[in-house]
Amino acid sequence: MSTVFIALQANEDTRPIIEAITADNPHAVVNQQPAMVKIDAEHSLVVRRQTIEELIGRDFDLQELQINLITLSGHVDETDDELTLHWNA
Amino acid sequence: MDMKATSGKKLGLKEKYRHMTRGLDWEPSYQKKEDIYPYMAYEGIKIHDWDKWEDPFRLTMDSYWKYQAEKERKLYAIIDAYAQNNGHLNVTDARYLNAIKLFLTGISPLEYMAHRGFAHAGRAFPGAGPRVACLMQSLDEIRHAQTQIHALSNYNKHYNGFHDFSHMLQRVWYLSVPRSFFDDAVTAGPFEFMVAIGFSFEYVLTNLLFVPFVSGAAYNGDMGTMTFGFSAQSDEARHMTLGLEIIKFILEQDPDNVPIVQRWIDKWTWRGYRVLTLVGMMMDYMLPKRIMSWKEAWEVYFEQNGGALFKDLARYGIRPPKWLDQIAFDKDHISHQAWATFYQYGAASDFHTWSPTDDELDWLSKKYPDSFDKYYRPRLEHWREQAKQGKRFYNTTLPQLCQVCQIPMIFTEPGDPTKTCYREVDYLGEKFHFCSDGCKEIFENEPEKFKQAWLPVNQIYQGNCFPDGTDPTVEDFEPLAKVLEYYHVNFGRDNLDFEGSEDQKNFAAWRGMATTNE
Ligand SMILES: [Fe+2]
Ligand SMILES: [Fe+2]
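Note that this is a predicted model, so its numbers are computed, not measured.

1. Considerations on the overall build of chain A
Link 1 in the chain: Secondary structure summary: chain A contains 3 helices and 7 strands in total.
Link 2 in the chain: Written out in order from the N terminus, the α and β elements of chain A read β-α-β-β-β-α-α-β-β-β.
Link 3 in the chain: In summary, chain A has a C-alpha radius of gyration of 12 Å against a globular reference of 12 Å for 89 residues, a match within 12%.
Link 4 in the chain: Along the first, second and third principal axes, the C-alpha set of chain A runs to 35 × 30 × 20 Å.
Link 5 in the chain: The buried share of chain A, reckoned over its 89 residues, is 53%.
Link 6 in the chain: When contacts within chain A are restricted to residue pairs at least 6 apart in sequence, long-range pairs at least 24 apart make up 61% of them.
Link 7 in the chain: With an accessible surface of roughly 3700 Å², chain A has 46% of that area assigned to carbon and sulfur atoms.

2. Examining the nonpolar core
Link 1 in the chain: I6 and L45 of chain A together with F199 and M286 of chain B are the most contacted members of the largest nonpolar core, which has 178 residues in total.
Link 2 in the chain: Per element, the largest residue contribution to this core is 18 residues, and it comes from helix 9 (residues 190–219) of chain B.
Link 3 in the chain: Core analysis: the next-biggest nonpolar cluster, separate from the first, contains 6 residues, I67 of chain A together with Y67, V132 and M136 of chain B among them.

3. Considerations on the sheet that holds strand 7 (residues 82–86) of chain A
Each strand in a sheet pairs with another by means of backbone hydrogen bonds, the pair being arranged parallel or else antiparallel.
Residues and elements named next belong to chain A.
Link 1 in the chain: Ordered in space as 4-7-6, the 3 strands form an open sheet in which the pairing is antiparallel. Only two strands of the sheet have a single partner each, and these edge strands are strand 4 (44–48) and strand 6 (75–78). The sheet shows a mean angle of 10° between the axes of neighbouring strands, direction not considered.
Link 2 in the chain: As paired strands, strand 4 and strand 7 are joined by 5 bridges and run antiparallel to one another. By the bridge assignment, V47 is partnered in strand 7 with L83.

4. Thoughts on the coordination of the iron ion (ligand 2)
Reference values for angles at a metal are 109.5 degrees in the four-donor tetrahedral case and 90 or 180 degrees in the six-donor octahedral case.
All names here are of chain B.
Link 1 in the chain: Within the first shell, the iron ion (ligand 2) binds the protein through C402 (SG), C405 (SG), C435 (SG) and C439 (SG), at distances of 2.3 to 2.4 Å.
Link 2 in the chain: Coordination at the iron ion (ligand 2) comes from 4 donor atoms whose angles at the metal span 106 to 114°, giving a geometry best classed as tetrahedral.
Link 3 in the chain: Each donor residue of the iron ion (ligand 2) lies on one chain, and together they are spaced C-x2-C-x29-C-x3-C. Within this pair, whereas C402 is found in the loop between helix 17 (372–388) and strand 1 (412–413), its partner C439 is found in helix 18 (residues 437–445), the two being separated by 37 residues in sequence.

5. A short note on the sheet that holds strand 2 (residues 29–33) of chain A
Link 1 in the chain: Reading across the sheet, the 4 strands line up as 2-3-1-5 (chain A) and stay open at both edges, with antiparallel pairing between neighbours. The outermost strands of the open sheet, each flanked by one partner alone, are strand 2 and strand 5 (69–73) of chain A. Shown here is a sheet whose adjacent strand axes are inclined to one another by a mean of 15°, direction ignored.
Link 2 in the chain: In terms of strand pairing, strand 1 (residues 3–9) of chain A meets strand 3 (residues 36–42) of chain A through 7 bridges, oriented antiparallel. Each residue of the ladder has a partner; that of A7 of chain A, found in strand 3 of chain A, is K38 of chain A.
Link 3 in the chain: Against the sheet, helix 9 of chain B contacts strand 1, strand 2, strand 3 and strand 5 of chain A, and its axis sits at roughly 145° relative to strand 5 of chain A.

6. Observations regarding the layout of surface pockets
Link 1 in the chain: In this model, the largest pocket occupies a volume close to 400 Å³.
Link 2 in the chain: Looking at the lining of the largest pocket, the elements that each hand over two or more residues are helix 2 (49–56) of chain A together with helix 1 (13–20) and helix 3 (61–84) of chain B.
Link 3 in the chain: Here the lining of the largest pocket is composed, by residue class, of 5 nonpolar, 4 polar and 10 charged.

7. Some words on the packing of helix 9 of chain B against helix 10 (residues 223–253) of chain B
Residues and elements named next belong to chain B.
Link 1 in the chain: It is the contact of helix 9 with helix 10, at a shortest axis distance of 8 Å, that shows an interaxial angle of 150°. By the angle between their axes, helix 9 is roughly antiparallel relative to helix 10. As for the relative orientation of helix 9 and helix 10, their crossing is left-handed in sense.

8. Structural notes on the pairing of strand 3 (residues 423–427) of chain B
Residues and elements named next belong to chain B.
Link 1 in the chain: Only one face of strand 3 is covered, namely the face carrying R423, V425 and Y427; the face carrying E424 and D426 is uncovered.
Link 2 in the chain: Bridge count between strand 3 and strand 4 (residues 430–434): 5 bridges; the pairing is antiparallel. Bridging across to strand 4, D426 finds its partner in K431.

9. Considerations on the coordination of the iron ion (ligand 1)
All names here are of chain B.
Link 1 in the chain: Around the iron ion (ligand 1), the donor atoms from the protein are E111 (OE), E141 (OE) and H144 (ND1), and they sit 2.0 to 2.2 Å away.
Link 2 in the chain: Positions of the donor residues of the iron ion (ligand 1), expressed as sequence spacing, correspond to E-x29-E-x2-H. Here the residue E111 occupies a position in helix 5 (residues 108–124), and H144 occupies one in helix 6 (residues 128–156), the gap between them amounting to 33 residues. The pair formed by E111 and H144 is uniform in burial state, with each residue classed as buried.

10. A closer look at the interface of chain A and chain B
Link 1 in the chain: The interface of chain A with chain B comprises 34 residues on the first partner and 38 residues on the second.
Link 2 in the chain: Taken over both partners, the interface formed by chain A and chain B buries close to 3100 Å², and the fraction arising from carbon and sulfur atoms is 57%.
Link 3 in the chain: Linking chain A with chain B are 2 salt bridges.
Link 4 in the chain: The salt bridge partner of R58 of chain B is D77 of chain A, with a shortest N-O separation of 3.6 Å.
Link 5 in the chain: On the surface where chain A and chain B come into contact, there are 14 residue pairs in polar contact (both at pLDDT 80 or more).

11. Focus on the environment of D184 of chain B
Residue and element names in this part refer to chain B.
Link 1 in the chain: Along the chain, D184 turns up in helix 8 (residues 176–186).
Link 2 in the chain: On the basis of relative accessible area, D184 is assigned to the buried category, the value being 3%.
Link 3 in the chain: C-alpha of D184 to C-alpha of A453: the two residues are 269 residues apart in sequence and 9.7 Å apart in space.
Link 4 in the chain: Reaching out from D184, the side chain makes a polar contact with the side chain of K449 at a distance of 2.8 Å.

12. What about the pattern of salt bridges?
Link 1 in the chain: Within this structure, the stated rule accounts for 51 salt bridges over all chains.
Link 2 in the chain: Across the salt bridge formed by R15 of chain A and E12 of chain A, the nearest N and O atoms sit 2.8 Å from each other. A single burial state applies to R15 of chain A and to E12 of chain A, both of which are exposed.
Link 3 in the chain: The salt bridge involving R384 of chain B is made with D358 of chain B; its shortest N-O contact spans 2.8 Å. You can see R384 of chain B sitting in helix 17 and its partner D358 of chain B sitting in helix 16 (residues 358–367), a full 26 residues away along the chain.
Link 4 in the chain: The exposure class assigned to R384 of chain B is buried, which follows from its relative accessible area of 19%.
Link 5 in the chain: Sharing partners across several salt bridges, the network here consists of K71, E72, D140, R143, D235 and R238 of chain B.

13. Focus on the side chain of E192 of chain B
Residue and element names in this part refer to chain B.
Link 1 in the chain: For E192, the position within the fold is in helix 9.
Link 2 in the chain: For E192, a relative accessible area of 6% corresponds to the buried category.
Link 3 in the chain: Among the polar contacts listed, one links the side chain of E192 to the side chain of W264, at a separation of 3.3 Å.
Link 4 in the chain: Of the polar contacts made by the side chain of E192, one reaches the side chain of K267; its length is 2.9 Å.
Link 5 in the chain: With sequence-adjacent residues up to four places away left out, E192 is seen in contact with E43, W264, K267 and W268.

Rules and cut-offs
Residues numbered from 1 in each chain as written. Chains lettered and ligands numbered in written order. Predicted model: local features only at pLDDT ≥ 70, side-chain atom pairs only at ≥ 80, totals over all residues. Heavy atoms only, no water. Helix = DSSP H or I, 4+ residues; strand = E, 2+ residues; numbered from the N terminus. Rg over C-alpha atoms; globule rule 2.2 N^0.38 Å. Buried < 20%, exposed > 50% of the residue type's maximum accessible area, 1.4 Å probe, protein only. Contact = heavy atoms within 4.5 Å. Areas by Shrake-Rupley, 256 points an atom, 1.4 Å probe, with all protein chains shown as cover. Core = buried A, V, L, I, M, F, W, Y, C linked by side-chain atoms within 4.5 Å. Pairing = 2+ DSSP bridges. Axes fitted to C-alpha atoms, helices over the stretch in contact; angles between N-to-C directions. Donors = N, O, S within 2.8 Å, 3.2 Å for Na, K, Ca; no water. Tetrahedral: all angles 85-135°; square planar, octahedral: opposite > 155°, others 65-115°. 1 Å grid on protein atoms, 1.4 Å probe; cavity = no way out; pocket = protein on both sides within 12 Å on 5 of 7 lines; lining within 4 Å. Points joined across faces, edges and corners; volume = space filled by probe spheres on them. Nonpolar A, V, L, I, M, F, W, Y, C, P; charged D, E, K, R; others polar. Parallel < 35°, antiparallel > 145°, perpendicular 65-115°, else oblique. Left-handed = near helix turned anticlockwise from the far one by under 90°. Buried area = accessible area lost by both parts, 1.4 Å probe. Salt bridge = Lys/Arg side-chain N within 4 Å of Asp/Glu carboxyl O. Polar contact = N/O pair within 3.5 Å; in protein donor to acceptor, adjacent residues only side chain to side chain.

Written out as structure tokens, the structure reads:
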């Protein structure tokens, strides 16, 4: 099966985001690398606004991810509530 | 017009995006579409419905400025602090600086060319969706060029070789490799440009440039490069998504598009792969503290990720790029072949090279168990021994260049690392030379374009790379000295071995001042 991934800078802004991603994607594997964190997941991965908001205690716009995003792979679909990455095959 | 929403309800992401991009587009009434978008037909790509374009990120210009401004504020705060605090003295070892000299001369100017290319492509497309996405990418790319130049100008205050990158880009022999790569892309039609840079470079290859290298900069204490690198990379997810969307869109529009796109994918994966040889060398030889080998990065970002991508694209009738067997074999070799070249031509470049330490040789042996000890380590050890005896090897014979990738003929036969790979084609009574089957086939598809290549070595021999007024017929004429003068490279200061260089002495002295009371 194909793997999708998302990589974020390792900083205080992304700590709760990474925590939320791990909570919402139990199949995801977190790789710590110098100054960055790469999260791999078989087939698909979802980033949920609500989970992040619960952890940071404020409103969060998923587009704020843009600031600390390093790279990703897979088809992207973004709504107000979720950002999804997936492969079709 | 009063646009204030009366319901008081905020627009959802999708609605806002629709209003702010496609909603602002209009159909022309008194000019023909072909006159407004003159580049849409000649490449043979057929588009029937531009509205089928998908916009995955749904970023509108107002949000774009907001987030980009935030990125810039963070970036410049860090760059200022780094400079103010003499952060350059915290890098692992001054040899490292040569990797970022290569970055400034070889990569930052490509960011600027990407800016021009996406501005042009965006203007050429009749669809509002790709036009807005290209506009944003064009702005991102000029930001990348500018932030890199700003961040690296700090090093120019202290170290040699950073002083004239834009002059060098047009002249220095190895810089014609990245330059001609991008010139090829921006002189193609808008669809080929999007497949070349948007898809093949951004989607398939850019991770190899930015992720391990920038993470490597962080590992080597270079907060400046880490910051501009990750700041540029934060735009990259959007670029990659644009690259993937454009491919899907073109392929879905008409089955006749498939073979055209396939040829472009083959061409541009090979072209991009050749350019990345420089990055392989930086990772394996120029980062004093290594993060991962070129081979490992290639496996993660090209083989695994690219594999998933091409499996996904198979449903459109697209197959993986050509020459993958050779590419897979060569991952054990190209970084070593490139370093050996720069080491030999250390008198003709604008940065320093050196003999790896024992510790570094051991790391390479471990990372490349099938190739390093057998083919490359003995040569490096021999050169190091010679250098110790005061006979540091400098090759003064200019190498033959490949007509397409413009890299010297340093690569080996597919499957045989002991034999130089060499191909040629006769075209219109002239002989053209190539480093590989890939470059040869690219030439055969577009001979009229590639026969015009400006090859630095050929130009030197033709006498076109000396300062104005040079007379090469005078007695004791020293061609290399004159070529370096033409390049604006200061002999003995910017080039030659790192051992004994001004950079080495200054860094040691300044670091000493920073860590003692002397
Ligand atoms: Fe860029
Ligand atoms: Fe070539």
